[in-house]
Amino acid sequence: MGLLDVSIVNVALPSIQQGIGLSTGGVQWVVSGYALTFGLVLVSGGRLGDTLGRRRMFLIALSAFVATSALAGAAPNELMIVLARLLQGCAAGMLTPQNTGLVQDLFRGPERGKAFGLFGAVVGISTAVGPVLGGVIISVFGEPDGWRWIFFVNVPIGAFAFALAWRLLPKAPRRERSLRSEIDFAGVVLLGAAVLCVLLPLVQSEQGGLAKLWWLFPAAAVFGFAFVRWERHTVRRNRSPLLDTRLFTTTPGYSSGAALGSIYFCGFAGIWLVFSTFFQQGLGYTALQSGLAVTSFALGSSVSAAIAGRLVPRWGRRITVSGLALVVLGLGGVAGIVQLATPSATGLAVAFPLLVAGIGGGMVISPNTTLTLESVPTAMAGVAGGALQTGQRIGTAIGTAVLASVFHAVVGASDSAAERYPLALSVSMLCAIALVLVALCLAVLELRARRNQTTPLSKEERERRDAECSSADVQRS
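The notes below deal with the structure included here. What you see as residue numbers is a count from 1 along each chain, following the sequence as written. Whole-chain, interface and lining totals are the exception, using all residues; otherwise, since this is a predicted model, local features are given only for residues with pLDDT of at least 70 and side-chain atom pairs are given and counted only at 80 or more. Side-chain calculation: all heavy atoms of the structure are included, whereas hydrogens and water are not.

1. Considerations on the pattern of salt bridges
- A side-chain nitrogen of Lys or Arg and a carboxyl oxygen of Asp or Glu constitute a salt bridge if their distance falls within 4 Å. In total, this model carries two salt bridges according to the counting rule given.
- With a shortest N-O distance of 3.9 Å, Arg 85 and Asp 5 are connected by a salt bridge. Taken together, the residues Arg 85 in helix H6 (residues 78-106) and Asp 5 in helix H1 (residues 4-7) connect sequence positions 80 residues apart.
- The rule is simple: take the accessible area with a 1.4 Å probe, protein chains only, and divide by the maximum for that residue type; under 20% is buried, over 50% is exposed, in between is partly exposed. In this structure Arg 85 comes out as buried when scored by relative accessible area, which is 0%.
- Owing to a relative accessible area of 2%, Asp 5 belongs among the buried residues under this scheme.
- One salt bridge in this structure joins Asp 105 and Arg 54, with 2.7 Å as the shortest N-O distance. Placement of the pair is Asp 105 in helix H6 and Arg 54 in helix H5 (residues 54-73), with a sequence separation of 51 residues.
- With relative accessibility at 7%, the residue Arg 54 sits in the buried group. Secondary structure follows DSSP: runs of H or I at least 4 residues long count as helices, runs of E at least 2 residues long count as strands, and numbering of each begins at the N terminus.

Below is the structure:
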């Protein structure tokens, strides 16, 4: 539900404008406000899960998401729906890190790979089928008020998920220390300011945000530097940091995996807005037809993610390398085919290369998550997952801004109306391929580094890991 609501609302915007008279600025905030607050609270949500217990935080955040979804669906005017979307994004950002944290807590070895494989399948499906599902809902409930059911559908699903979570998720022991002593509030403010300064110009890029708010990027660097210094100071004082920076320097594979995921999401997540614009504005497809045209990616991604998750213990980083190569091959096929196919046949023509790209994408997300978090202590699983997904959200915002800007620039510069949209899509695909190739280079370097790591664990390290696993198994029982 959390990832669906990033993209599903795009097809509902005309219905919202017709229903409550949403302005152009309101449209931008309904779309970007959710993504902004979603990315803003991921690390803090992960830290709260580590501190309060992931079951408790999952139930709190899920309840908030259901309530804010209902508020968005019932919104009578522009102010209320924008406010509801901001709050809904916060709830989703608090909810999401609990998923990876729970997988880290409850599963070990091959089991963890299978669990992350299912997680990756859900990520692939929810990212790609949002436009299709949104088009179906609008078609069923009609144009004027159909948009409300885009949000109302979360209520019964969320209530059912709450009942299952209440029954099935294991309770964590109560902590003796107070929440105030466990949460680094200064770190929350500094990191939040840094992420806000990065995301705000990017999510406002369609409204000239990069030109107007460019000065926030230097401010983000200042806040980021201050955050790192403060976290190191907090660790030296033996207090609980928001994000222990040693996670990036001493945890094998975490930094490279987080960087790989962020860069991959620049290319992967940025293509969906470009596809939507190409099919609907360029070829005159309906929202539902546009969504169906890219469904093959979601199908390939969901199947391959579930299978790849089971193969991580045997293949390791080689799965990620193979998957990224398939993504490059598939997007390259799309770039070539749209130059040859007729407008009426384009949707069907790109189905196979998108299927290839989807199969590759499913081999990237869940295995990379498994490999990136495999050496993270379970006590830091929530905040580590939150930091990993914050990078992915920033990558999504960067990729969407860059690819959309390239697409519109080519459309505006082309002389022939018949050729400008296919050319713009091809150039955008080539930009996405360039970003994916950077991720592929990182994956190859990580693969070589893992092959060169022949030093076995010390006796102390083995005993620490065995004790950690035993403790987790006791809690699970």
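2. Here we look at H6
- Multiplying 1.5 Å by the residue count of a helix minus one yields the expected span of that helix. Over its 29 residues, H6 runs 42 Å from end to end, which matches the ideal 42 Å to within 8%, given 1.5 Å per residue.
- Two or three places before Leu 79, at the opening of H6, Asn 77 has a side-chain oxygen 3.3 Å from that residue's backbone nitrogen. In protein, a polar contact means a hydrogen-donor-capable atom and an acceptor-capable atom, both N or O and within 3.5 Å, with residues adjacent in sequence counting only if both atoms are side-chain atoms; elsewhere, any N or O pair within 3.5 Å suffices.

3. Focus on empty space enclosed by the protein
- Using protein atoms alone on a 1 Å grid, points that fit a 1.4 Å probe yet trap it form a cavity, whereas open point sets bounded by protein on both sides within 12 Å along at least five of seven lines form a pocket; residues with an atom within 4 Å of a point count as lining. Grid points are joined across faces, edges and corners, and a volume is the space filled by probe spheres set on the points. For the structure shown, the criterion picks out one cavity of 30 Å³ or more.
- When its volume is computed, the largest cavity comes out at roughly 30 Å³.
- The wall of the largest cavity is formed by Leu 260, Gly 261, Tyr 264, Phe 265, Val 364, Ile 365, Asn 368, Thr 369 and Gln 392.
- Within the residue set of the lining of the largest cavity, elements represented by two or more residues are helix H16 (254-268) and helix H22 (351-373).
- Asp, Glu, Lys and Arg are counted as charged, while Ala, Val, Leu, Ile, Met, Phe, Trp, Tyr, Cys and Pro are counted as nonpolar; the rest, among them Gly, fall into the polar class. Of the residues belonging to the lining of the largest cavity, the class tally is five nonpolar, four polar and no charged.

4. So, the nonpolar core
- Among the nonpolar cores identified, the biggest contains 74 residues, and Tyr 264, Phe 275, Leu 324 and Leu 425 are the most heavily contacted of them.
- We call two residues in contact when some of their heavy atoms are within 4.5 Å. Excluding residues within four positions of it along the chain, Leu 324 makes contact with Leu 260, Tyr 264, Val 364, Val 436, Ala 439, Leu 440 and Ala 443.
- We define a nonpolar core as any set of buried Ala, Val, Leu, Ile, Met, Phe, Trp, Tyr and Cys residues linked to one another through side-chain atoms lying within 4.5 Å. Ranked by size, the runner-up nonpolar core spans 19 residues in total, among them Ala 12, Ile 20, Val 30 and Ala 84.

5. Structural notes on a nonpolar patch on the surface
- Exposure above 30% relative accessible area and the absence of a salt bridge qualify a residue for a patch, where like charges join within 9 Å and nonpolar side chains (Val, Leu, Ile, Met, Phe, Trp, Tyr) within 5 Å. Surface accessibility follows the Shrake-Rupley procedure with a 1.4 Å probe radius. Residue values consider only the protein chains on display as shielding. Where nonpolar side chains cluster on the molecular surface, the patch consists of Val 136, Val 140, Phe 141 and Trp 149 and spans about 380 Å² of accessible area.
- The biggest single contributor to the nonpolar patch is helix H8 (residues 130-141), with three residues.
- Inspection of the secondary structure puts Trp 149 in helix H9 (residues 146-152).
- For Trp 149, a relative accessible area of 38% puts it in the partly exposed group.

6. A closer look at helix H19 (residues 295-315)
- Over its 21 residues, H19 runs 28 Å from end to end, which matches the ideal 30 Å to within 8%, given 1.5 Å per residue.
- The term bend refers to the angle at a residue between two fitted axes, each drawn through seven residues, those ending there and those starting there. The sharpest bend along H19 comes to roughly 40 degrees, located at Gly 309, with the proline Pro 313 sitting one to four residues further on.
- Among the residues of H19, those classed as buried are Thr 295, Ser 296, Phe 297, Ala 298, Gly 300, Ser 301, Ser 302, Ser 304, Ala 305, Ala 308, Gly 309 and Val 312.
- Within two residues after H19, Gly 316 carries a phi angle of roughly 60 degrees, on the positive side.

7. Focus on the packing of helix H20 (residues 317-337) against H22
- Fitted lines through C-alpha atoms give the axes, limited to the stretch in contact for helices. The angle between two N-to-C directions lies from 0 to 180 degrees. In contact at an axis separation of 7 Å, H20 and H22 are set at 150 degrees when each is read in the N-to-C sense. The angle between the axes of H20 and H22 places the two elements in the roughly antiparallel class. Where H20 crosses over H22, the two elements pack in a sense that is left-handed. To sort the angles, those under 35 degrees are grouped as roughly parallel, those over 145 as roughly antiparallel, those from 65 to 115 as roughly perpendicular, and the leftovers as oblique. Crossing chirality is assigned from the near helix's rotation relative to the far helix, an anticlockwise turn below a right angle marking it left-handed and a clockwise turn marking it right-handed.

8. Considering the environment of Gly 362
- Tracing the backbone through its elements, the reader meets Gly 362 in helix H22.
- Overall, the relative accessible area of 1% leaves Gly 362 in the buried class.
- C-alpha separation for the pair Gly 362 and Val 123, spaced 239 residues apart in sequence, amounts to 9.0 Å.
- Every residue in contact with Gly 362, bar those within four places of it in the chain, is listed here: Ser 301, Ser 304, Ala 305, Ala 308 and Pro 367.

9. Here we look at the packing of aromatic side chains
- Only Phe, Tyr and Trp rings are paired, with Trp represented by its six-membered ring, and only when their centres lie within 6.5 Å; those with planes under 30 degrees apart are stacked, over 60 edge-to-face, the remainder tilted. Counting across every chain of the model gives 13 aromatic pairs.
- Arranged with centres 5.4 Å apart and planes meeting at 90 degrees, the rings of Phe 265 and Phe 268 form a pair that is edge-to-face. Of this pair, Phe 265 and Phe 268 are both found in helix H16, three residues apart, which corresponds to roughly one turn of the helix.
- Owing to a relative accessible area of 5%, Phe 265 belongs among the buried residues under this scheme.
- Taken together, the ring pairs connect Tyr 264, Phe 265, Phe 268 and Phe 297 into an aromatic cluster.

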